[in-house]
Each structure stands twice: as structure tokens, then as C-alpha cells.
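Each chain, written out:
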Amino acid sequence: RTESRRKAFFCSKSSFLCRTTISSHQLSLFYSTRIYYSLEFNNREEMTTTTTFRTSSSSAATAAAAAGTTTCSRRPSRRCRRNSSPRTRRRLISFSSETKAALADQQPSQSSSAAKKTSSPLSYELVQGALVKYTVEEKKGPHPPTCVFLHGILGSRRNLLSFAKRMAEEMPSWQFLLVDLRCHGQTNTESTESGERRFGEDSVESAARDVIETLQSLKFYPHMLVGHSFGGKVAMSMVHQFSQGERNKVLPRPVQVWVLDTVPGDAWARTGDHPKDTINFVRTLDTPFASRKHLVDSLTGAGFTIEGAQWMTTNLKPAKDGNKGELDWVFDLDGIKDMYSSYEATNLWPMLETQPKGLEVDFVRAERSAFVWAEEDVNRLLNTGARIHFLENSSHWVHIDNPNSLLNIMKPSFESFNRRR
């Protein structure tokens, strides 16, 4: 009995009960034509929700599930149901950069016009811990504490997905919402295909407003905001907008903000590929690309690092009107250029120095940070009541270079919130 367990799965499309013996190691099931579960069974009592919500073809659902995602493309399907086994947890898979890039091509599209009219502004994914009973599609069960992850410029929600899974395993009573910001990832793909126009200018403030509207559509109030680089300023702008109109600048509920390797004022990158240089250069390239290697060769030939060039290939998708094998960007480069200009110009020092009641702010500074942390800025941050944590053995990509130490830094704030509930 310790080596194998029996579990019953009901397959709604075939209308029969399938009984399967599941080993204690690993089993992959393709459930129906749109839902894929990748499960690993062991003796742990923690589980991360593994339902993959899709409206696309079965091949796209299979590829996305193999990547280990819990995805809601704006409005999740009502036909999806959570796996509720208390002894399952999320299977964590390590991919090569080439495999990750290939999976980026499998982003589904939302084809239901009815769903678009009532959908959130941003495409999102939701990772839920084992103890979470709330379901988005039915909106049943008690609301769990929610943490929102915000990616950086030229990135996507998938950049933070692995770390979100780790957090869900460590904090099983929490749920973690990851979004594609405007002009990025699946949000841009769906807006382009539907012909929808973005509201407002492409800026940090507009990006923050998009996230707030997404939370409102889901009826979530964020208890934690975690922003990496550009996403850090989006998180701080969200708090600023939360407190607007509130008497005495008191937040409706306490909010904890984690800013990962960025500063509230001028953003001055000193090492590696500067985002502004990358954005300006790739805007000069003709699309579609014949291959990923073609993009890598173009970037490295212009003096960019091989690591940065390979990472940029994860933002490619099959060209809509191109020949077979040709690739195009998943994001809107013109909009991203404006967003990064806004990022450099946005000064959130006033918000920090007159921050609303109920706000706690923590900064994580990487040992090999991409930004200059001037001593006067560090002292100024500390005087606002913010905390600064130093992350060893890490470059700007803190959640990739040293996720274990980053988790150890952040975990006490989640535990403290749990004790206050």
C-alpha cells in the first residue's frame, strides 16, 4: 500500500469511470481533450492545484501542462475542475532554454467573444496551495490570502512561475496570481487578435491600473505584491492608486510590497544588456525571423550577451502570416518602449516618504545588482521605514539565481500575516 495507491478519475467526455493504479513515483494523464494533469504522488501532505484551463486545441493544452502551468486565459472554463487529492503536489520540471523557448510558442488564444466582453484586462495564471478551497470558475469557498507576482520589462508571467510554485508549496493556504502586463505575453497576443485597444498611455501607472482592474474582476484583494524590476514600480504604483481618495491615506486592508532588485527613483542599469539598448535595437530588426538562431546571431553580432540573446528568443511565437517555421514577437515593442521610458521617469519617492497607513515595503538588493544602489538612496529608503535585504550569489534575476535564499527572506512575512489572521 505504501508503494501504490488507487485513485478514481471521472472522464466527463467519455462518461465512464476510469480506475487506474498510480505508482508512488509519477504518472501523467491526459484528461479529456483540454485538461492535462501532471502529477507526482508521494507521502507529502501538500499539493499545488494542477488544473490547466484552456480554450485552445489539445496539443497546446498538452504542451502547456508539460511545462507545469496552472493557467487561466482571462476567463477560465467552467468545465474545469480542480484535482483535490491531498497527497499530490505540483511536478517541478527543469527545461533547457531551447525547450522553454519552444513552449512559449504554445500560448493559447481566447476565441469566445462573450468571454472577451466580461474578461479581465490581463491574461493571468493562478497557482493555489493545497489548503485553498476557493475556485475561480465557480467562485465558491472562502477567499484565501492572495499574492500577486509582477514581471519585468520584456518578460512575461512565466518568468516567475517556478518561484510561485515553490511559494505555494511552502505556504499552502495562499494563492498566487501571475499576470502578463500590457504589451507583454498572452495579454498582447489576445489584444492583437481581437483588435482591442488599450486604455490610456503605455506607462507604469496604466500597467498598475490594469492589474487592479484584473483583481477587481476576480474579486481578489491582494495581501502581498511582489514585483521584479519594472514590476516593482508597478507594485508601488498600485499601492499609490489604492490609497487615492481614502481618508487620511489609509489602505482598505494592510498590504505588503516586495520590490525585487529595483529602486524607487531613477533606474540606472550598470552591467549587462541595458533594457533600453535592447528595446531600441530589436525594434530595428525586420520580422518575421527565419529561426531563433537568426535572432541570437543578430543580437550577439550587435554586442549583446549570448545569455540575453537566448532569453529574448523566449518572446517569440509562430508568425501569423509567415512561412512555416518563421517567428514573430509576442509583445508590442512600440508600447514597451513607452513603458520603459515611463519606468525610468517614474519617481515613487513621494509615495514611500508619505506612504499610506497599512503599508509595509521590503526591497531585495542582489549582490550583482543591475542597478546602482547609492548610499544616500539606501539611507533614504531606511528612513521611510522600508527594509532592505541583501541577496548573496545573485544577479538581477534573483528568483532564478538564488531562489532558496530569496524564499527564506520572504517567507517570514507570509508567516507573520498568517498569525495575524
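For the structure itself, look to the data block above.
For clarity, every value in this text was computed on a predicted model and none was experimentally measured.

**Topic: the nonpolar core**
- The biggest cluster of nonpolar side chains holds 69 residues, and the ones touching the most others in it are Leu150, Val211, Leu225, Val234, Met238, Trp329 and Phe363.
- Residues in contact with tryptophan 329, not counting those within four places in the same chain, are Val282, Thr287, Phe289, Leu295, Met312, Asn315, Leu316 and Lys317.
- Grouped together as the second largest cluster of nonpolar side chains are 27 residues, Met167, Leu260, Leu407 and Phe414 included.

**Quick word on the pairing of strand β14 (residues 357-366)**
- Where β14 and strand β15 (residues 387-391) come together, 5 bridges link them in parallel fashion. For arginine 365, the partnering residue across the bridge sits in β15 and is phenylalanine 390.
- Assessed by its sense of winding, the connection that carries the chain from β14 through helix α13 (residues 375-383) to β15 is right-handed.

**Details of helix α8 (residues 275-282)**
- If you check which residues of α8 are buried, you get Pro275, Thr278, Ile279 and Val282. Buried residues of α8, viewed axially, fall in a sector of 95°; they line one side.
- Packed against the buried residues of α8 are α9 (292-301), α10 (306-312), β13 (327-329) and α11 (333-345).

**Let's talk about the environment of valine 239**
- Looking at the element boundaries, valine 239 is found in helix α7 (residues 230-243).
- For valine 239, a relative accessible area of 0% corresponds to the buried category.
- Sequence separation between valine 239 and methionine 351 is 112 residues, and the spatial gap between their C-alpha atoms is 8.6 Å.
- Beyond its immediate chain neighbours, meaning those up to four positions away, valine 239 contacts Leu225, Leu251, Val255, Val257, Met351, Pro356 and Leu359.

**Here's the deal with the pattern of salt bridges**
- One pass over the structure, following the stated rule, counts 12 salt bridges.
- For lysine 276, the salt bridge identified is with glutamate 344, shortest N-O distance 3.0 Å. Taken together, the positions of lysine 276 in helix α8 and glutamate 344 in helix α11 put the pair 68 residues apart, joining distant regions of the chain.
- Its relative accessible area of 36% is what places lysine 276 among the partly exposed residues.
- Owing to a relative accessible area of 18%, glutamate 344 belongs among the buried residues under this scheme.

Cut-offs used in this document
- Positions within a chain are numbered from 1, following the residues in the order the chain's sequence is written.
- Side-chain atom pairs in this predicted model are given and counted only at pLDDT of 80 or more, local residue features only at pLDDT of at least 70, and totals for whole chains, interfaces and linings cover all residues.
- Think of the side-chain values as coming from all heavy atoms in the structure, minus any hydrogens and water.
- For our purposes a nonpolar core is just a set of buried Ala, Val, Leu, Ile, Met, Phe, Trp, Tyr and Cys residues, chained together by side-chain atoms within 4.5 Å.
- Here the term buried applies to any residue with accessible area under 20% of the maximum for its type, exposed to any over 50%, and partly exposed to those in between, with areas from a 1.4 Å probe on protein chains only.
- Contacts were defined at the residue level, with two residues in contact if any of their heavy atoms lie within 4.5 Å.
- Two strands pair under a simple rule: DSSP has to find at least two bridges between them.
- Secondary structure counts use DSSP, requiring at least four H or I residues in a row for a helix and at least two E residues in a row for a strand, with both numbered from the N terminus.
- Every crossover in which the path from the first strand over the helix to the second runs clockwise, viewed with the strands pointing away from the viewer, is termed right-handed.
- Directions pointing from the helix axis toward each C-beta atom define the arc.
- The term salt bridge refers to a side-chain nitrogen of Lys or Arg lying within 4 Å of a carboxyl oxygen of Asp or Glu.

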